[in-house]
Amino acid sequence: FEATIEQYGDVIRVSELAELTAKHPIVARTIFNLGLQSAETYDQLCYTVLDAATNSYRPNNKAADTNLVGGDRLTYVDLVELSALLSEQGARPLDQGDFVLVSPPQVIAGLQNDPDYKAANQFGMPDRLWRGEIGQLAGFRVVKSNSPAFAVTSQVTSGQSSKVYSSFALGRAAFQV
């Protein structure tokens, strides 16, 4: 049995003198910083596992990331298809009846520019347009993540370069950690 051992995190040493004489609550701030780092590490580990999944969906029916070009963006139509695929594969929605789409800001920006998204919100919920919020769309609760885990992947093929941003469409208990 072979395994790779990895260590995560930081060590922060605070002397008694610094703790007693600091103007600000240094221990509380240190705990906050370590907690934030822990959460980001946890996100990165989850992202790495999910991004390696073999059941991938790409806009415009592209077969691989290397076939994607700048105009291939996630749209309302893609979300409708993803919702149908998740249902077909037995995924269960969350309590509110929606699936969850976790995306980096670049994918969210693409959805906000989608004419179908704008049309769906301009009369019923125009505040979403002004706040830059997607909320619910096409059977998904859309969540924007600025986690450092959502790093861009560059694809360079036959003289063109594209940036690929991964998102995750999830149902209830779709993965376990």
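Residues numbered from 1 in each chain as written. Predicted model: local features only at pLDDT ≥ 70, side-chain atom pairs only at ≥ 80, totals over all residues. Heavy atoms only, no water.

**Looking at the environment of Gln 37**
Next, step 1: Structurally, the position occupied by Gln 37 is in helix α2 (residues 26-51).
Next, step 2: Sequence separation between Gln 37 and Leu 170 is 133 residues; the distance between their C-alpha atoms is 25 Å.
Next, step 3: When neighbours within four sequence positions are excluded, Gln 37 is seen to be in contact with Gly 9 and Asp 10. (Helix = DSSP H or I, 4+ residues; strand = E, 2+ residues; numbered from the N terminus. Contact = heavy atoms within 4.5 Å.)

**Brief notes about the packing of aromatic side chains**
Next, step 1: Throughout the structure, instances matching the rule amount to four aromatic pairs.
Next, step 2: Residues Phe 99 and Phe 140 carry aromatic rings whose centres are separated by 5.9 Å and whose planes lie at 45° to one another, so their mutual orientation is tilted. Taken together, the residues span a long stretch of sequence, with Phe 99 in strand β1 (residues 99-103) and Phe 140 in strand β3 (residues 140-144) at a distance of 41 residues.
Next, step 3: Classification of Phe 140 by relative accessible area gives buried; the value is 0%.
Next, step 4: A ring pair is formed by Phe 150 and Phe 168, whose centres lie 5.7 Å apart and whose planes are at 55°; its orientation type is tilted. Of this pair, Phe 150 sits in the loop between β3 and β4 (153-157) while Phe 168 sits in strand β6 (residues 168-170); the two residues are 18 residues apart in sequence, bridging distant segments of the chain. Accessibility classification places Phe 150 together with Phe 168 in one group, the buried group.
Next, step 5: Connected via pairs of aromatic rings, a cluster forms that spans Tyr 47, Phe 150 and Phe 168. (Phe/Tyr/Trp six-rings, centres within 6.5 Å; stacked < 30°, edge-to-face > 60°. Buried < 20%, exposed > 50% of the residue type's maximum accessible area, 1.4 Å probe, protein only.)

**Regarding the pattern of salt bridges**
Next, step 1: Under the criterion given, the structure shown has three salt bridges.
Next, step 2: Asp 95 serves as the salt-bridge partner of Arg 172, at 2.6 Å between the closest nitrogen and oxygen. Here Asp 95 lies in the loop between α3 (76-88) and β1 and Arg 172 lies in the segment after β6, a separation of 77 residues in the sequence. (Salt bridge = Lys/Arg side-chain N within 4 Å of Asp/Glu carboxyl O.)

**Focus on a nonpolar patch on the surface**
Next, step 1: On the surface, a nonpolar cluster with roughly 370 Å² of combined accessible area is contributed by Ile 12, Val 14, Val 27, Ile 31 and Leu 34.
Next, step 2: Secondary-structure assignment places Val 27 in helix α2.
Next, step 3: The exposure class assigned to Val 27 is partly exposed, which follows from its relative accessible area of 35%. (Patch = residues over 30% accessible without salt bridge, like charges linked within 9 Å, V, L, I, M, F, W, Y side chains within 5 Å. Areas by Shrake-Rupley, 256 points an atom, 1.4 Å probe, with all protein chains shown as cover.)

**A word on helix α4 (residues 105-112)**
Next, step 1: Every buried residue of α4 is accounted for by Val 107, Ile 108, Gly 110 and Leu 111. Around the axis of α4, the buried residues are gathered within 155° of arc, so they sit on the same side.
Next, step 2: On its buried face, α4 sits against α3, β1, α5 (115-121), β2 (135-137) and β3. (Arc of directions from axis to C-beta.)

**A few points about unusual backbone geometry**
Next, step 1: Positive phi, normally seen in glycine, also occurs at Asn 60, with a value near 60°.
Next, step 2: Of note, Asn 60 is situated in the loop between α2 and α3.
Next, step 3: Residue Ala 138 is not a glycine yet carries a positive backbone phi of 55°.
Next, step 4: Along the chain, Ala 138 turns up in the loop between β2 and β3.

**Describing the sheet that holds β6**
Next, step 1: The strand order β2-β3-β1-β6 describes an open sheet built from four strands, whose pairing is mixed. On the outer flanks of this sheet lie β2 and β6, each paired with one strand and no other. Taking the axes of each pair of neighbouring strands and ignoring which way they run, one obtains an average angle of 30° across the sheet.
Next, step 2: Note that β1 and β3 share five bridges and pair parallel. Across the sheet, residue Val 100 finds its bridge partner in β3, namely Arg 141. (Pairing = 2+ DSSP bridges. Axes fitted to C-alpha atoms, helices over the stretch in contact; angles between N-to-C directions.)

**As for the side chain of Ser 103**
Next, step 1: With respect to the helices and strands, the residue Ser 103 is situated in strand β1.
Next, step 2: The exposure class assigned to Ser 103 is buried, which follows from its relative accessible area of 0%.
Next, step 3: Here Ser 167 takes part through its side chain, which lies 2.8 Å from a polar atom of the side chain of Ser 103.
Next, step 4: Not counting chain neighbours up to four residues away, the residues in contact with Ser 103 comprise Ile 108, Val 143, Lys 144, Ser 145, Phe 150 and Ser 167. (Polar contact = N/O pair within 3.5 Å; in protein donor to acceptor, adjacent residues only side chain to side chain.)

Structural measurements only, silent on function.
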